[in-house]
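# Close look at the chain arrangement
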Amino acid sequence: MRVMVMALLTVLLSACSNPRQEVTVQLANQLLLPAHEQWHGSNGALRVSAEGFCADELDQAAVEQAFYRTLQSWSYLQPLMLGPLAEGNRSWQVQFWPDKRNLVAHQVEALLDSHSPLTREALEGASVVVQGLTAFEYVLFDKAVDLAGQRPRYCPLLIGIARHQQALSAEVLALWEGPEGMASRLGDFPNDRYASADEALGSILRTQITAVDVLKKKLGVPMGRLNKGVVQPWQAEAWRSRHSIGNLQSSLSGARAVWERVRSLVGDAGLVTRIDAAYENTGQKLAGLPAPLVEMVQDKASLPRLQALYESLDNLETLQQVELARDLGIQIGFNANDGD
Amino acid sequence: MTLTRRHLLGMGAALGGVAALGGWAFWQGKGQSPLLLSARNDDAGKHYCTGYFLDGKRAFATPVAERCHDVARHPFLPLALFVGRRPARESYLIDLRDGGLLQIVRGQPQRHFYGHAVFHGAGEWLYATENDLNEPGRGVLGRYRLDQGNLQLVHEGEVPTHGVGPHQLAWMPDGESLVVANGGIRTEGSREKTNLNSMSPSLVVMDRHGELHSKETLQHSQSSIRHLAVASDGTIITGQQYQGEAWETVPLLAVKRPEQPYQPFPVGASQLAMMDQYTASIAIHGERRQVAMTAPRGNRFFVWDLDTAETLVDVPMEDCAGVGVAGDGFAVTSGQGRCRYFSYQDGQVASHWLDLPGGWWDNHLRLG
């Protein structure tokens, strides 16, 4: 016991003498790990709500509320998704986006046509397309689905997805916790993943900066920015539940939470002010959007507001990717982004 | 003074002498510190041809105009060609004693390099995979003769690689036949891929004069065959990069054993999922019959038993890049973090951080 206490003290003292290590430890214990725990908790609530609904103990609105909370915690987690959840194709199991060819609808119906009732084994052996929140959303919100009239068909899928999500988050959480877990890899250096706190901090920042780039994509794809300007409303994330903007807000909050803990390390006070302003500006623009994204992209009068939001995100990304990375001496990417 | 083969032969011994001075902390008593050759960038985005001893001592870092990819070391002279990365029009012949730039090897009209080349064992010829821009994607093997008087590479013709978008190539054990990874991707002088829905990757074995010995394919046409290594018994291991849907998990390693068809190397689905659809560099440890592979997008480094496919090493490593055999194990560089050394023996994985500069290493290295 005495040896363990001494070892812990050594780690803490070492962290205190190195601001970057201190920030990295704080990020791991006060932000990244709790966000994973919160996501796991929301998956548990989603399972309870789905089981309650299918047992006629809860109404559909209760499942929808649980679904929104899960989407929120998942979106918040994405800029913090370092390590296990980003590895092994796991994140595709949570959400299937972008769905360019409406695979979710086709594959859900095909799966349910071929397995009646759906078994746990059939779902676990199926594609990631039908295992995640996008398929859950399809069942819950798509107008083509008569959930009230066809509970025996759809309920096994709702329960199966919720259980799959809970098992997945439990697996990921286990990989974060414990003496060999991801959290410990962000506290004690060198270890089998990182040579130093600098490397770990760089990895956290790369994850967060990449997530801001993904936010641009989540906005830009339905706006048609990658489609010669032709809008693609049905390629918005969470368009069926009309929760696209809520997702963007949650992810921005997660990214900002990283920034709030990193800002003390930045030497250029002017840069701190500019990044603070960029988060504030982007957050305000998001909060001010009057309608769901799937509707706004189809309304030409709304496009300037969306364009302004996109530019705000672009500015935030540039500030972090170029100026913040330079200030902190963090390398953003090389072979992993542009190999051959 | 004009450099000649005689000068370089004399100085090659000196290079060995310098190498012998080096020594990794954990390497003492095991021999001299090898020279690692690799393309590298700096924080400002400038490109270099570099040589470092594994103990961290820099031999040279020569700035060049184009980003390079792999390195072809001459079999006995202290010189190497740092090969321009797709779609480079230049490669660089470097004097390994001091990093001096002996020649900027310019691509032929309507040709560009793909980042890989090899010297023939007799030292007179170099072969480089290239793109025929008159018929974009058509792979050719550019042939260059080393003018040993002036130490300049002179282009002397080409032969087809019998496939589209060739990438890495290596000698078969006979030293006369080449195995070529035709990636199957068509590009037209840029990095944009123009045929992802009609790719035609293939593994070709041909003689160095162009005659086709065999051409084989894999099940997934969107698995671009990119990198490879050959064991002393002729076993070929290839690494693929999947260009299909982002959520799919398909085989990313394949093997062609002597007298057997080209087929997937038996890697488990969970390991495949960790590779994030992308493999980079492959090395085979001939004595230990081990194959190592980097997966920079999945931030993962692997070693398997070449004969049984048993997993020996499976560890996280950020943006792991080049891998090469050194002593009992493998040296691994990184595009983003510290370089490492791994070895596996008697059920134990040993890992050490190398005193090399961290980050900005390109996807291939050569050791020797």
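From a predicted model like this one, the values you see are computed outputs, not experimental measurements.

### Observations concerning the domain arrangement of chain A
One widely used convention gives an interface's size as the accessible area the parts lose upon coming together. Residue and element names in this part refer to chain A. Per the domain assignment, the segments of chain A are domain 1 (17-185) and domain 2 (197-334). Domain 1 and domain 2 are separated by 23 Å when their C-alpha centres are compared. The partner domain 2 presents 34 residues to the 32 residues of domain 1 that form the contact. Interface area for domain 1 against domain 2, summed over the two sides, is near 3,000 Å², with a carbon-plus-sulfur share of 62%. Among the residues domain 1 hides against domain 2, the three largest losses belong to Arg 20, Pro 79 and Trp 97. Together they make up 27% of the total. Between the two partners, domain 1 and domain 2, sit 2 salt bridges. The partner of Arg 20 in a salt bridge is Asp 198, and the shortest N-O contact between them spans 3.5 Å. Linking domain 1 with domain 2 are 10 residue pairs in polar contact (both at pLDDT 80 or more). Put simply, the parts of the chain that give the side of domain 1 that touches domain 2 at least two residues each are helix H2 (19-54), helix H3 (60-77) and helix H7 (133-141). Looking at the side of domain 1 that touches domain 2, the element that brings in the most residues is H2, giving 10 residues. Partitioned by chemical class, the residues of the side of domain 1 that touches domain 2 number 17 nonpolar, 10 polar and 5 charged.

### Focus: the nonpolar core
Residue and element names in this part refer to chain A. Core analysis: the biggest nonpolar cluster contains 106 residues, and Phe 136 and Leu 186 have the highest contact counts within it. Split by domain, the residues of this core number at least three in each of domain 1 (17-185) and domain 2 (197-334). Discounting chain neighbours no more than four positions away, the residues touching Leu 186 are Thr 24, Val 25, Ala 28, Leu 32, Leu 82, Trp 176, Tyr 194, Ala 200 and Ile 204.

### As for the state of the cysteines
Enumeration according to the criterion identifies 1 disulfide over all chains in this entry. Paired by a disulfide, Cys 54 of chain A and Cys 155 of chain A hold their sulfur atoms 2.1 Å apart. Taking the sign of the S-S torsion, -95° for the link of Cys 54 of chain A and Cys 155 of chain A, the bridge is left-handed. Residue Cys 54 of chain A is located in helix H2, and its partner Cys 155 of chain A is located in helix H8 (residues 151-176); the two are separated by 101 residues in the primary sequence. Taking relative accessible area as the criterion, Cys 54 of chain A reaches 23% and is therefore assigned partly exposed. A residue is classified by how much of its surface remains accessible, and Cys 155 of chain A, at 7% relative accessible area, is buried. This cysteine, Cys 49 of chain B, is not joined by any disulfide, and Cys 68 of chain B carries the nearest cysteine sulfur, 4.3 Å off. The thiol of Cys 339 of chain B is unpaired, and the distance to the nearest cysteine sulfur, on Cys 320 of chain B, comes to 11 Å.

### Remarks on empty space enclosed by the protein
Summed over all chains, the structure comprises 2 cavities of 30 Å³ or more. Of the voids in this model, the largest cavity is the one considered here, and its volume is about 60 Å³. Lining the largest cavity are Asp 340 of chain A together with Arg 86, Tyr 114, Gly 165, Pro 166, His 167, Ile 185, Thr 187 and Arg 226 of chain B. Considered class by class, the residues forming the lining of the largest cavity number 3 nonpolar, 3 polar and 3 charged.

About the thresholds
- Residues numbered from 1 in each chain as written.
- Chains lettered and ligands numbered in written order.
- Predicted model: local features only at pLDDT ≥ 70, side-chain atom pairs only at ≥ 80, totals over all residues.
- Heavy atoms only, no water.
- Domains from an automatic or database assignment.
- Contact = heavy atoms within 4.5 Å.
- Buried area = accessible area lost by both parts, 1.4 Å probe.
- Salt bridge = Lys/Arg side-chain N within 4 Å of Asp/Glu carboxyl O.
- Polar contact = N/O pair within 3.5 Å; in protein donor to acceptor, adjacent residues only side chain to side chain.
- Helix = DSSP H or I, 4+ residues; strand = E, 2+ residues; numbered from the N terminus.
- Nonpolar A, V, L, I, M, F, W, Y, C, P; charged D, E, K, R; others polar.
- Core = buried A, V, L, I, M, F, W, Y, C linked by side-chain atoms within 4.5 Å.
- Buried < 20%, exposed > 50% of the residue type's maximum accessible area, 1.4 Å probe, protein only.
- Disulfide = S-S within 2.5 Å.
- 1 Å grid on protein atoms, 1.4 Å probe; cavity = no way out; pocket = protein on both sides within 12 Å on 5 of 7 lines; lining within 4 Å.
- Points joined across faces, edges and corners; volume = space filled by probe spheres on them.

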